[in-house]
Amino acid sequence: KELELQSNEPTQILVDNQPAIQLSKHKMIKQRTKHIELKYDWIKEQIEEKEIIVSYKDTKNNLADMFTKVLSYASHRQDIIRKVLWDIYSLSLKS
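Residues numbered from 1 in each chain as written. Predicted model: local features only at pLDDT ≥ 70, side-chain atom pairs only at ≥ 80, totals over all residues. Heavy atoms only, no water.

Our next topic: the overall build of the protein. Within the protein, the regular secondary structure consists of four helices and two strands. Listing the helices and strands of the protein from first to last along the sequence gives β-α-α-β-α-α. When the 95 residues of the protein are sorted by exposure, 14% land in the buried category. In the protein, of all internal contacts separated by at least 6 residues, the share reaching a separation of at least 24 is 52%. (Helix = DSSP H or I, 4+ residues; strand = E, 2+ residues; numbered from the N terminus. Buried < 20%, exposed > 50% of the residue type's maximum accessible area, 1.4 Å probe, protein only. Contact = heavy atoms within 4.5 Å.)

Written as structure tokens, this is what we have:
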């Protein structure tokens, strides 16, 4: 909304951390999670309102990792190839 982008679909967030997914979906107060501030409950509200969908994405198949984690050369190369193939596939669907 701040960027004035309109979408009829919920925003999908792919996460490779299953405890983070559970924490985002469930209101649980435990000794180990009570340090998380209430302002972070916003994500829970957005999930409940179906504005955001949080889904699990295996680390090995997460293209975002090449921008956020230190990867070996082989892993980085594989991610680039996968991205290029995905771009080609996506373009073919638009034709």
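The structure having been displayed, the exposition proceeds.
Below, the discussion takes up the packing of helix α1 (residues 18-25) against helix α2 (residues 41-48). In a packed pair of helices, the relevant descriptors are the angle between the two axes and the axis-to-axis distance. Running from N to C, α1 and α2 point in directions that differ by 75°, and their axes come no closer than 8 Å. The orientation of α1 with respect to α2, classified from their angle, is roughly perpendicular. Residue-level inspection shows L23, S24 and K25 of α1 in contact with α2, the latter providing I43, K44 and I47. Residues of the contact of α1 with α2, tallied by class, amount to three nonpolar, one polar and two charged. (Axes fitted to C-alpha atoms, helices over the stretch in contact; angles between N-to-C directions. Parallel < 35°, antiparallel > 145°, perpendicular 65-115°, else oblique. Nonpolar A, V, L, I, M, F, W, Y, C, P; charged D, E, K, R; others polar.)

With five residues, the main nonpolar core is built from V15, I21, I47, I52 and V54. Once residues lying within four places of it in the same chain are set aside, the contact partners of V15 are A20, I21, V54, S55, Y56 and K57. (Core = buried A, V, L, I, M, F, W, Y, C linked by side-chain atoms within 4.5 Å.)

Turning our eyes to something else, we now look at the environment of Q46. Secondary-structure assignment places Q46 in helix α2. On the basis of relative accessible area, Q46 is assigned to the buried category, the value being 14%. Separated by 35 residues in sequence, Q46 and T11 have C-alpha atoms that sit 9.7 Å apart.

Quick look at the confidence of the model for the protein now. For the protein, per-residue confidence averages 76 on the pLDDT scale, and residues scoring 70 or more make up 76% of the total. Mean pLDDT values for the elements of the protein range from 68 in helix α3 (residues 65-68) up to 89 in strand β2 (residues 52-56). (pLDDT = per-residue confidence, 0-100.)

Side chains of E45, E48, E49 and E51 sit close together on the surface and give a patch of like negative charge. Assignment of secondary structure puts E49 in the loop between α2 and β2. (Patch = residues over 30% accessible without salt bridge, like charges linked within 9 Å, V, L, I, M, F, W, Y side chains within 5 Å. Areas by Shrake-Rupley, 256 points an atom, 1.4 Å probe, with all protein chains shown as cover. Salt bridge = Lys/Arg side-chain N within 4 Å of Asp/Glu carboxyl O. Lys, Arg positive; Asp, Glu negative; His and termini not counted. Charge placed at Lys NZ, Arg CZ, Asp CG, Glu CD.)

With that out of the way, let us pick up α2. Given 3.6 residues per helical turn, the α-helix brings residues three or four places apart onto the same face. Looking only at α2, the buried set comprises K44, Q46 and I47. Buried positions in α2, seen along its axis, are confined to an arc of 160° and lie on one side of it. Where α2 is buried, its residues contact α1 and β2. Following α2 by one or two positions, K50 has its phi on the positive side, about 60°. (Arc of directions from axis to C-beta.)

Bringing the environment of E51 into the picture now. Note that E51 resides in the loop between α2 and β2. Taking relative accessible area as the criterion, E51 reaches 39% and is therefore assigned partly exposed. For the pair E51 and T11, spaced 40 residues apart in sequence, the C-alpha separation works out to 6.3 Å. With near-sequence residues (within four places) excluded, E51 lies in contact with P10, T11 and Q46.

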